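# Results of the structural survey
Listed below are the residues making up each chain.
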Amino acid sequence: MTDVTIIPMTLDHVPAAAEIERTVFPDPWTADSFFEVIGITEKCWVAVKGERTIGYLLTQWVSVEIHLLNVAVTPDCQRTGIGAALLNFLLCLGERHGMRDVYLEVRLSNHAAQSLYLGCGFTKLAVRKRYYRDGEDALVMHRALTDFHLPADDELAAGDTSE
Ligand SMILES: CC(C)(COP(=O)(O)OP(=O)(O)OC[C@H]1O[C@@H](n2cnc3c(N)ncnc32)[C@H](O)[C@@H]1OP(=O)(O)O)[C@@H](O)C(=O)NCCC(=O)NCCS
């Protein structure tokens, strides 16, 4: 993790990210998919070591929800804390901006990613049947960010000054 920084993803990072994507996923996004996503959401980051892009995290923020679209780390840098650093960066930033929930889908067979998410405080929420193009199910995971709660009736009454 030494000398690794997390910076906003730009168009210049796409070729390296697409190369990582091809290496780690059986059904990789194309470079065009990356261009499309960073065209509609500026909430995308890369982990860089020197000049080298070694990981990325793509998200979409809607209202108070963050949807994690994609995250990966280049194979020779895996298990060195980059994935956790990217996720913790997102969780801190989301909290600072008042976001309340993070959702993601992960293949049922992807135990490495599930371990990463569980370690970052995500819980298992549901299964989406045949979510992926090859027919595999997705596990939906969720992480609450802030301590948001609906007020109880007595709290509402205490604040009622209409009389
Ligand atoms: C999932 C992924 C992003 C994890 O990135 P990483 O940089 O290797 O993760 P970290 O080094 O920060 O590991 C954090 C924790 O995640 C879990 N983890 C990561 N890789 C794991 C593996 N291969 N097997 C089991 N647990 C793993 C461990 O709990 C780990 O903590 P530990 O090293 O103290 O045991 C990486 O394996 C990857 O790019 N995989 C291919 C792409 C992918 O599946 N993306 C997720 C799509 S939903």
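The structure presented is a predicted model; accordingly, all values stated were derived computationally and were not measured.

### Examining the overall build of the protein chain
- Looking only at helices and strands, the protein chain has 5 helices and 7 strands in total.
- Along its sequence from the N terminus, the protein chain presents helices and strands in the succession β-α-α-β-β-β-α-β-α-β-β-α.
- With 163 residues in all, the protein chain has 25% of them scored as buried.
- Within the protein chain, counting contacts between residues at least 6 apart in sequence, those at least 24 apart form 58% of the total.

### Points about the pairing of strand 4 (residues 65-73)
- As paired strands, strand 3 (residues 52-62) and strand 4 are joined by 8 bridges and run antiparallel to one another. The residue bridging Leu58 from the neighbouring strand is Asn70, located in strand 4.
- Between the antiparallel neighbours strand 3 and strand 4 lie 2 residues, among them Ser63 with a positive phi of about 55°.
- Across 4 bridges, the pairing between strand 4 and strand 5 (residues 101-107) is parallel. Opposite Glu65, over in strand 5, you have Asp101 as the bridge partner.

### Description of helix 1 (residues 14-24)
- Of the residues making up helix 1, those classed as buried are Val14, Ala17, Ile20 and Glu21. Projected down its long axis, helix 1 shows its buried positions confined to an angular sector of 125°, all on one face. Turned more than 90 degrees away from the buried face of helix 1, the exposed residues are Pro15, Arg22 and Thr23.
- Packed against the buried residues of helix 1 are helix 2 (31-40), strand 2 (44-49), strand 3 and strand 4.

### A short note on the pairing of strand 3
- In this sheet, strand 3 lies alongside strand 2 in antiparallel orientation, the contact comprising 6 bridges. Looking at the pairing, Val48 lines up with Thr53 of strand 3.
- Linking strand 2 to strand 3, which pair antiparallel, is a turn of 2 residues; within it Gly50 sits at a positive phi near 60°.

### Considering the sheet that holds strand 6 (residues 123-128)
- The sheet built from 7 strands is open, its strands ordered 1-2-3-4-5-7-6 with mixed pairing. For this open sheet the edge positions go to strand 1 (4-8) and strand 6, each flanked by a neighbour on one side alone. Strand-to-strand, the axes of this sheet are offset by a mean angle of 25°, without reference to chain direction.
- Here strand 1 pairs with strand 2 via 5 bridges, running antiparallel. Each bridged residue has a counterpart across the sheet, and for Ile7 the counterpart in strand 2 is Val46.

### Topic: the site of the ligand
- Lining the immediate surroundings of the ligand are 18 residues, of which Gln78, Gly83, Ala84, Ala112 and Leu116 lie closest.
- Elements with a contribution of two residues or more to the shell around the ligand: strand 4, helix 3 (82-96) and helix 4 (111-119).
- Ranked by residues supplied to the shell around the ligand, first place goes to helix 4 with 5 residues.
- A per-class count over the shell around the ligand returns 10 nonpolar, 7 polar and 1 charged.

Rules behind the numbers
Residues numbered from 1 in each chain as written. Predicted model: local features only at pLDDT ≥ 70, side-chain atom pairs only at ≥ 80, totals over all residues. Helix = DSSP H or I, 4+ residues; strand = E, 2+ residues; numbered from the N terminus. Buried ≥ 20, exposed ≤ 12 C-beta atoms within 10 Å, placed from the backbone. Contact = placed C-beta atoms within 7 Å. Pairing = 2+ DSSP bridges. Arc of directions from axis to C-beta. Axes fitted to C-alpha atoms, helices over the stretch in contact; angles between N-to-C directions. Near = placed C-beta within 6 Å. Nonpolar A, V, L, I, M, F, W, Y, C, P; charged D, E, K, R; others polar.

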